[in-house]
Amino acid sequence: MGFGTFKLTGAECTKSVELALETGYRLIDTAQVYANQEDVGKALKKVSRNSLFITSKIWITEFAPEKVS
C-alpha cells in the first residue's frame, strides 16, 4: 500500500508525508506535475532511504538526461 501526494503542497504535504511514514507507509507516490517533489523530499530526509520505495513520474517532454535531476 502506498501514500499518494496528488494535490498536496507546501507544509501540508510535508506533514502529511511525515505522518504517513510514522504510520508505516514505505511507498510514497509523487510526480513532477504535482509540483510537490521538494515538499515530499523534506519529509523523506527524516528516514532511511533504504527503507523506502519512491514513485515519481515525469512528463514525456521532460524525459531527457539533461532535464531530469
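Description of the structure in this document. The model shown is predicted, which means the values in this text are computed figures rather than measured ones.

Cut-offs applied
- Residues numbered from 1 in each chain as written.
- Predicted model: local features only at pLDDT ≥ 70, side-chain atom pairs only at ≥ 80, totals over all residues.
- Heavy atoms only, no water.
- Helix = DSSP H or I, 4+ residues; strand = E, 2+ residues; numbered from the N terminus.
- Expected span 1.5 Å × (residues − 1).
- Buried < 20%, exposed > 50% of the residue type's maximum accessible area, 1.4 Å probe, protein only.
- Arc of directions from axis to C-beta.
- Contact = heavy atoms within 4.5 Å.
- Pairing = 2+ DSSP bridges.
- Axes fitted to C-alpha atoms, helices over the stretch in contact; angles between N-to-C directions.

**Examining helix H1 (residues 10–23)**
Logical step 1: With 14 residues, H1 should reach 20 Å at 1.5 Å per residue; the first-to-last C-alpha distance of 20 Å fits that figure.
Logical step 2: Every buried residue belonging to H1 is among Cys13, Thr14, Val17, Glu18, Ala20 and Leu21, and all of these are buried. Along the axis of H1, the buried positions cluster into a sector of 160°, meaning they face one direction only. The outward face of H1, more than 90 degrees from its buried face, is lined by the exposed residues Ala11, Glu22 and Thr23.
Logical step 3: Contacts from the buried residues of H1 go to strand S1 (2–4), strand S2 (27–31) and helix H2 (37–44).

**Topic: the side chain of Glu18**
Logical step 1: Mapped onto the fold, Glu18 is located in helix H1.
Logical step 2: Glu18 has contacts with Ala43 and Lys46, leaving out every residue within four places of it along the chain.

**Side note on the sheet that holds S2**
Logical step 1: Spatially, the three strands line up as an open sheet ordered S1-S2-S3, and their pairing is parallel. What marks the edges here is a single partner per strand, and that holds for S1 and strand S3 (53–57). The sheet shows a mean angle of 20° between the axes of neighbouring strands, direction not considered.
Logical step 2: Alignment of S2 against S3, held across five bridges, turns out to be parallel.

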